[in-house]
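An overview of the molecular structure
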Amino acid sequence: MGGKLNGKVKVPGDKSISHRALLFGAIAEGKTTIEGILPSEDPLSTAECLRAMGVKISPIKKGEIVEIDGVGLNGLKEPEEILNCGNSGTTMRLILGLLAGQKNHHFILTGDKSLRNRPMKRIGQPLTLMGAKVSGRSHGNYAPLSVTGNILRGAVIGTPVASAQIKSAILLAALNAEGSTTVIEPAQSRDHSERMLKAFGADLEVGGEMGRHITVHPGKTLKGQSIVVPGDISSAAFWLVAGSIIPGSELIIENVGLNPTRTGIIDVLKRMEANIKLINIRDVAGEPVGDIQVIYKKNLKPFEINEEIMPRLVDEVPILSVAACFCKGISKIQGAKELRIKETDRLEVMARQLTKMGAKVDEHPDGLTICGGNDLHGCELDSETDHRVAMSLAIASIMATGNSTMQNSNASAVSYPEFWDDLERLRKRK
Ligand code: S3P
């Protein structure tokens, strides 16, 4: 299709931080304000669930500061209706942790077709160890889920995978438990919950090798805060790869969150010898933030990634698989089996869609091997309702010869409502 990308782009607020600001603001005492919140479908699902439990949250609109009147750790009301988490795994999983200790209240949670087929036992099981009562389809693994708030006890819980959703659900339950709780992760996952809970006044310690042991001592009330949400590096990732692979491109992506638990994509692009520069690095409300300049570079090197770096780039695997198609040689993505239980099976979907375009992709149980450097051709694509797939395929289609169409292209609204407008604006036809 062609068309280099040029100019400046400000990606929307970080999705993980937006969810947490809403959730922690809801259970704090006093007012919380959120500047730069992501006004997309997933955080809207979190806000709707909280409103259904009596939390006052002002409308979430682009450019407007959101205000939350916190109800305190035990102030959530029993909702009259089923809580609908939409497409959002973070909403369902973190809210499960929040509800487990809301004594004597009963809650039912559900979501869209994708979410109803994502595993929830990974949350229900550790919460049950703390005394939670969670049940659901298929022995508690799938929504609709039912939670009856109970008295929780602190525990030491080792998680089988490095997942910030599991960790954060346990930390939220721990705030309401009797006795301290320690979560031990096999590798450190994104640490936004730890940073933000500390800022809200929780008694939380991070220790162990590489921040893998997190302990919460309950009993402290959370106090409302002013949160500033940086741009989402997982949304910036589409422009980082596009700017690197599309000839003639030069982009500046402004105000991007650079938390080291999220910057795996930058490390990999640097290893590929992409032309990427971090500028104006600063600290904003407890998170590192900067602008990123990316300039097209010829002859990028293929790459190999494995389970070690995976938690730091788990959401960037779809766009990295596109990058691999345009580096001459074999790229290997391994240790990525978590990708199979995201909004779609992202390994299968990316392999299927890129193969349609003529890419050489081999799918393995835990990853993809991609032989890059062959021309891709435009075709009828389908995001299969996955936001990150939609945006990854959009970048691939610019590099393909001939035009492409995409079914379910509006899936991007889950995390980046203005993606297609930004793409149109940055694109200069040859
Ligand atoms: C998220 C954690 C990641 C990520 C998801 C958001 C979060 O999931 O894929 O998009 O906000 O905690 P896992 O923690 O399950 O890896």
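Residues numbered from 1 in each chain as written. Predicted model: local features only at pLDDT ≥ 70, side-chain atom pairs only at ≥ 80, totals over all residues. Heavy atoms only, no water.

A count of helices and strands for the chain gives 14 helices and 25 strands. For the chain, with 430 residues in total, the buried portion stands at 58%. Taking contacts inside the chain between residues at least 6 apart in sequence as the whole, the part at least 24 apart equals 75%. Entry remark: accessible area of the chain is about 16,400 Å², with carbon and sulfur atoms responsible for 49%. On the chain, the mean spot of the 52 positive side-chain charges and the mean spot of the 49 negative ones are 2 Å from each other. (Helix = DSSP H or I, 4+ residues; strand = E, 2+ residues; numbered from the N terminus. Buried < 20%, exposed > 50% of the residue type's maximum accessible area, 1.4 Å probe, protein only. Contact = heavy atoms within 4.5 Å. Areas by Shrake-Rupley, 256 points an atom, 1.4 Å probe, with all protein chains shown as cover. Lys, Arg positive; Asp, Glu negative; His and termini not counted. Charge placed at Lys NZ, Arg CZ, Asp CG, Glu CD.)

As a further point, take the environment of Leu50. Topologically, Leu50 is positioned in helix α2 (residues 41-52). Sequence separation between Leu50 and Leu83 is 33 residues; the distance between their C-alpha atoms is 8.8 Å. If we ignore the near neighbours within four places in the chain, the residues touching Leu50 are Leu22, Leu23, Ala26, Val55, Ile57 and Leu98.

Right, let's get into the sheet that holds strand β20 (residues 329-333). Judged by pairing direction, the sheet is mixed, and its 4 strands sit side by side in the order β19-β20-β22-β21 without closing on themselves. Two strands in the sheet have a free side with no partner beyond their single neighbour: β19 (304-305) and β21 (360-364). Relative to strand β22 (residues 367-372), helix α11 (residues 317-325) is tilted by about 25°, and along the sheet it contacts β19, β20 and β22. (Pairing = 2+ DSSP bridges. Axes fitted to C-alpha atoms, helices over the stretch in contact; angles between N-to-C directions.)

Enumeration over the complete set of coordinates arrives at 6 aromatic pairs. Measuring from ring centre to ring centre gives 6.1 Å for Phe238 and Phe419, while their planes differ by 70°; the resulting arrangement is edge-to-face. Taken together, the positions of Phe238 in helix α9 (residues 233-245) and Phe419 in helix α14 (residues 419-426) put the pair 181 residues apart, joining distant regions of the chain. What makes Phe238 buried here is its relative accessible area of 2%. Given a relative accessible area of 0%, Phe419 falls into the buried group. Measuring from ring centre to ring centre gives 6.3 Å for Trp239 and Tyr416, while their planes differ by 90°; the resulting arrangement is edge-to-face. Of the two residues, Trp239 is situated in helix α9 and Tyr416 in the loop between β24 (405-407) and α14; the sequence distance between them amounts to 177 residues. Summarising the burial analysis for this pair, Trp239 and Tyr416 share the class buried. Taken together, Phe238, Trp239, Tyr416, Phe419 and Trp420 form an aromatic cluster joined through their ring pairs. (Phe/Tyr/Trp six-rings, centres within 6.5 Å; stacked < 30°, edge-to-face > 60°.)

Here we come to the domain arrangement of the chain. Under the domain assignment used here, the chain contains domain 1 (6-13 + 229-428) and domain 2 (15-228). Distance between the C-alpha centres of domain 1 and domain 2: 28 Å. In this complex, domain 1 contributes 28 residues to the contact, which on the side of domain 2 involves 30 residues. Carbon and sulfur atoms supply 50% of the area buried between domain 1 and domain 2, which totals about 2,400 Å² over both sides. Three residues stand out in domain 1 for area buried against domain 2, namely Val229, Glu343 and Val414, and they jointly supply 26% of the buried area on that side. Where domain 1 touches domain 2, the interface holds 4 salt bridges. Between Arg190 and Asp315 there is a salt bridge; the shortest N-O distance is 3.3 Å. (Domains from an automatic or database assignment. Buried area = accessible area lost by both parts, 1.4 Å probe. Salt bridge = Lys/Arg side-chain N within 4 Å of Asp/Glu carboxyl O.)

One open sheet accounts for 4 strands, arranged β3-β4-β2-β15; its pairing is mixed. Single-partner strands in this sheet number two, and they are β3 (56-57) and β15 (226-228). One ladder, built from 6 bridges, connects strand β2 (residues 29-35) with strand β4 (residues 66-71); its direction is antiparallel. Of the residues in β4, the one forming a bridge with Thr32 is Ile68. The sheet strands contacting helix α1 (residues 15-27) are β2, β3, β4 and β15, and the helix crosses β4 at an angle near 40°.

Ala143 connects to Pro144 through a cis peptide bond whose omega is 0°. Within the secondary structure layout, Pro144 lies in strand β8 (residues 142-148). Backbone geometry at Asn280 places phi at a positive 55°, although glycine is not the residue there. As for its placement among the helices and strands, Asn280 is situated in strand β17 (residues 275-284). Positioned with a positive phi, Asn299 is a non-glycine residue whose angle comes to about 55°. Mapped onto the elements, Asn299 comes out in the loop between β18 (287-295) and β19. A relative accessible area of 62% means that Asn299 is categorised as exposed.

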